[in-house]
Amino acid sequence: TWLDAAKTVNLAQLATAPGGATPAPAPVAAAGPAAPAWHFLLKDFSVQDATISFEDRSVHPVAKFALSPLSLEVKGASLDLSQPLQVSVDTGINSTGHLSVGGSVTPAPLAADLGVQVTKVDLTALQPYIGQMTAMTLLAGTAHADIKVLYGTAKPLLAVTGNAGVDGLHTVDNDLHNDFINWQNLDVKSLSY
């Protein structure tokens, strides 16, 4: 899949009617006794060893991301959006990094209680975005994190705690071609936002 210069995801085109045709209106049912509302419960849904390739073509050069192997598990999905879902995502990122997310998400009102672990994610994949906002080039750097994210209607709306860091950062100034910001290790311990 990709995001084009107009910020449109190509998969959205699958949801449009062919040739710009508008769908026929649904027939109106005759008045009668109301049928009971239907419901479903999907106890366990999982995807194993999937691959997702994504390109953001709205930036130059094109930003490319690959998630593989991707495993996803969702438990307890239903039409009752006030019930929490148990979610788990485990994936490689661009062949070098790893992301693991697990916990609960309530669709309405939106709330989340998630643990997030990131290891060895290569930050050079972000250079197309950095190049748009700065006059520097990111040549190397990997990110790692072990954080807990709480989001919901209670105060505070968002809470993030844990540890995060960037190792082996190397950037250069585009005009002078000299080292700009570099470090071996930068760790933020006991983060509490």
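Structure first, text after, so check above.
Computed from a prediction, not measured in an experiment: that's the story for all the values here.

A. Quick peek at the overall build of the chain. A count of helices and strands for the chain gives one helix and nine strands. In the chain, the succession of helices and strands from N to C terminus is β-β-β-β-β-β-α-β-β-β. Projecting the C-alpha coordinates of the chain onto the three principal axes gives extents of approximately 75 × 45 × 35 Å. Each of the 193 residues in the chain was classed as buried or not, and the buried ones make up 26%. Here the contacts in the chain between residues at least 6 apart in sequence split such that 44% fall between residues at least 24 apart. Put simply, the chain shows about 12,900 Å² of open surface, and 63% of that area lies on carbon and sulfur atoms. Counting 9 positive and 16 negative side-chain charges, the chain places the averaged centre of each group 7 Å from the other.

B. View of the environment of Val-87. Along the chain, Val-87 turns up in strand β4 (residues 85-93). In sequence terms Val-87 and Val-74 are 13 residues apart; their C-alpha atoms lie 4.6 Å from each other. Beyond its immediate sequence surroundings of up to four residues, Val-87 is in contact with Glu-73, Val-74, Val-101, Gly-102, Gly-103, Val-105 and Leu-114.

C. Expanded view of the environment of Thr-171. Counting through the fold element by element, Thr-171 comes out in strand β8 (residues 158-173). Relative accessible area serves as the criterion here: at 1%, Thr-171 is assigned to the buried category. Taking the C-alpha atoms as reference points, Thr-171 and Ala-140, separated by 31 residues in sequence, lie 7.1 Å from one another. Leaving out residues up to four positions away in the same chain, Thr-171 has contacts with Met-136, Thr-137, Leu-138, Asn-178, Asp-179, Phe-180, Ile-181 and Asn-182. A polar atom in the side chain of Thr-171 sits 2.7 Å from the backbone nitrogen of Ile-181.

D. Focus on the pairing of strand β2 (residues 41-56). Two elements, strand β1 (residues 2-3) and β2, share two bridges in a ladder whose sense is parallel. Looking across to β2, one finds that Trp-2 is bridged to Glu-55. Of the pairings in the sheet, the one linking β2 to strand β3 (residues 63-78) comprises 12 bridges and is antiparallel in character. The residue of β3 that forms the bridge with Ser-53 is Ala-66. As consecutive antiparallel partners, β2 and β3 are separated by six residues.

Basis of the calculations
Residues numbered from 1 in each chain as written. Predicted model: local features only at pLDDT ≥ 70, side-chain atom pairs only at ≥ 80, totals over all residues. Heavy atoms only, no water. Helix = DSSP H or I, 4+ residues; strand = E, 2+ residues; numbered from the N terminus. Buried < 20%, exposed > 50% of the residue type's maximum accessible area, 1.4 Å probe, protein only. Contact = heavy atoms within 4.5 Å. Areas by Shrake-Rupley, 256 points an atom, 1.4 Å probe, with all protein chains shown as cover. Lys, Arg positive; Asp, Glu negative; His and termini not counted. Charge placed at Lys NZ, Arg CZ, Asp CG, Glu CD. Polar contact = N/O pair within 3.5 Å; in protein donor to acceptor, adjacent residues only side chain to side chain. Pairing = 2+ DSSP bridges.

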